[in-house]
Amino acid sequence: MPKPPHSQAGSSPGSSPRLGHPWTREITHGVFRLGTAYVGCYAVEESGAFTFIDTGLPGYWRQIARFLASRDAPLSAVKAVVLTHHHDDHRGNAERLRTQAGAKVLVHHADLDAVARRNMPPRFPLWQPRVLHYLLHVLANGGARVPPVVQASSFGDEEILDVPGRPRVIHAPGHTAGNAAMSLEDRGVLIVGDALATIDLVSGETGPRLLPHFFNDDHDRALASLQKLEQAKARWVLPGHGLPWEGSPHQAVKLARQSRTQRH
């Protein structure tokens, strides 16, 4: 079993991976991170069946296929895709897994309509070099060609999903109306989607923080949602952007609030 990354700021043993390079690790038993340091998605294994929590960009498909092969699992072992929210960099392979693996796709009811249509990209401040690099990575990995999810089911706050791993939903709106975190308390994991990040896509700084305001539909609401996350029990906080962070959600939220205060 690969050694989990040890981090209080999203780093792995030795040097950190380059931002756009593939990075796959088993974080804790049966919970795997795929993607890059820019965008992460997670596979949860239970009795040989898998739930993908987010699916990254379309260009990450080969990484998903290689991961399943490394587990001696056919594509049909992916039984469900749970989306933390509707954005293209998180649903990039959702429709492909639905059609080719037969996986059911689930998303919070507040994002259900949005996941079925093409997204309008946010207004990125392209004069910021790191933001431009991120956008180029998204485009190079098919981010402008993400298909809508033709068929999806919805879930609500505090629901325990009947999928491999049985994650508990924590609705954390702000990034989008339906943004949700997934608690796997029995595995000591909180998958936070874009409610928290461990990389600042403007400054390059690492550690728990909110995404920059231009990424959020309602930045103040995203800040208020941190209160719900800090109550979760976990020893790993797994973000959609940046590397895994070892520590409690309470600690992560405290650092995120401090980071916001320092910027102001």
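Cut-offs and rules
- Residues numbered from 1 in each chain as written.
- Predicted model: local features only at pLDDT ≥ 70, side-chain atom pairs only at ≥ 80, totals over all residues.
- Heavy atoms only, no water.
- Helix = DSSP H or I, 4+ residues; strand = E, 2+ residues; numbered from the N terminus.
- Buried < 20%, exposed > 50% of the residue type's maximum accessible area, 1.4 Å probe, protein only.
- Contact = heavy atoms within 4.5 Å.
- Areas by Shrake-Rupley, 256 points an atom, 1.4 Å probe, with all protein chains shown as cover.
- Pairing = 2+ DSSP bridges.
- Axes fitted to C-alpha atoms, helices over the stretch in contact; angles between N-to-C directions.
- Core = buried A, V, L, I, M, F, W, Y, C linked by side-chain atoms within 4.5 Å.
- Salt bridge = Lys/Arg side-chain N within 4 Å of Asp/Glu carboxyl O.
- Phe/Tyr/Trp six-rings, centres within 6.5 Å; stacked < 30°, edge-to-face > 60°.

Participant: Honestly, the overall build of the protein in this entry has me stumped. Any pointers?
Facilitator: The helix and strand tally for the protein stands at seven helices and 14 strands. Residues classed as buried in the protein amount to 58% of the 264 residues present. At a minimum sequence separation of 6, the contacts of the protein that also span at least 24 residues come to 62%. Looking at the protein as shown, the accessible area adds up to about 11,500 Å², and 51% of this sits on carbon and sulfur atoms.

Participant: Explanation requested: the sheet that holds strand 9 (residues 180–184) in the structure shown.
Facilitator: Two modes of strand pairing occur in sheets, parallel and antiparallel, and in both the strands are linked by backbone hydrogen bonds. Reading across from one edge, 8-9-10-13-14 is the order of the five strands in this open sheet, with mixed pairing throughout. Only two strands of the sheet have a single neighbouring strand rather than two, namely strand 8 (168–171) and strand 14 (245–246). Relative to strand 10 (residues 189–193), strand 9 is paired through three bridges, and the arrangement is antiparallel. Residue Leu184 lies in a different strand from strand 10, and its bridge partner there is Val189. The strands touched by helix 6 (residues 219–229) are strand 8, strand 9 and strand 10; relative to strand 8, the strand with the most contacts, the crossing angle is about 145 degrees.

Participant: What should I look at first to understand the nonpolar core in this one?
Facilitator: Where a protein is soluble and globular, its nonpolar side chains tend to be buried together. Leu34, Phe50, Phe52, Phe67, Leu68, Val78 and Val81 are the most contacted members of the largest nonpolar core, which totals 23 residues. Elements with a contribution of two residues or more to this core: strand 2 (31–35), strand 3 (40–46), strand 4 (49–53), helix 1 (61–70), strand 5 (78–82), helix 3 (94–101) and strand 6 (104–108). Top contributing element to this core by residue count: helix 1, with four residues. With residues up to four places along the chain from it excluded, the contact list for Leu68 reads Phe50, Phe52, Ala73, Pro74, Leu75 and Val78. The next biggest cluster of nonpolar side chains, apart from the first, holds 19 residues, and it includes Phe155, Met182, Leu184 and Val189.

Participant: Even after reading the chapter, I still don't get the sheet that holds strand 3, so can you show me in this structure?
Facilitator: The strand order across the open sheet built from seven strands is 1-2-3-4-5-6-7, with neighbouring strands paired in mixed fashion. Bordering the open sheet on either side are strand 1 (25–28) and strand 7 (153–155), each of which pairs with just one other strand. Taken pair by pair, the neighbouring strands of this sheet meet at an average axis angle of 30 degrees, ignoring direction. Note that strand 2 and strand 3 share five bridges and pair antiparallel. Counterpart to Gly35 in the pairing with strand 3 is Gly40. In the packing of helix 3 onto the sheet, the strands contacted are strand 4, strand 5 and strand 6, and the crossing angle to strand 5 comes to about 155 degrees.

Participant: How should the pattern of salt bridges be read in this particular structure?
Facilitator: Between side chains of opposite charge, a pair can form when the charged atoms approach closely. Under the counting rule described, the total for this entry stands at ten salt bridges. The partner of Glu45 in a salt bridge is Arg71, and the shortest N-O contact between them spans 2.9 Å. With Glu45 in strand 3 and Arg71 in the loop between helix 1 and strand 5, the pair connects residues that are 26 residues apart, well separated along the chain. Since its relative accessible area comes to 33%, Arg71 is described here as partly exposed. With its nearest N and O atoms 2.5 Å apart, the salt bridge here joins Glu246 to Arg235. Pair noted here: Glu246 is in strand 14 and Arg235 is in the loop between helix 6 and strand 13 (236–239), with a separation of eleven residues, a long-range link. Judged by relative accessible area, Arg235 falls into the partly exposed class, the value being 43%.

Participant: Mind showing me how you'd approach the packing of aromatic side chains here?
Facilitator: The geometry of two aromatic rings is summed up by the distance between their centres and the angle between their planes. For the structure on display, the rule yields six aromatic pairs. Between the aromatic rings of Phe52 and Phe67, the centroid separation amounts to 6.4 Å while the plane-to-plane angle is 85 degrees, which identifies the pairing as edge-to-face. Taken together, the positions of Phe52 in strand 4 and Phe67 in helix 1 put the pair 15 residues apart, joining distant regions of the chain. Each member of the pair, Phe52 together with Phe67, is buried. Put simply, the rings of Phe32, Phe50, Phe52 and Phe67 touch in pairs and so form one group of aromatic residues.

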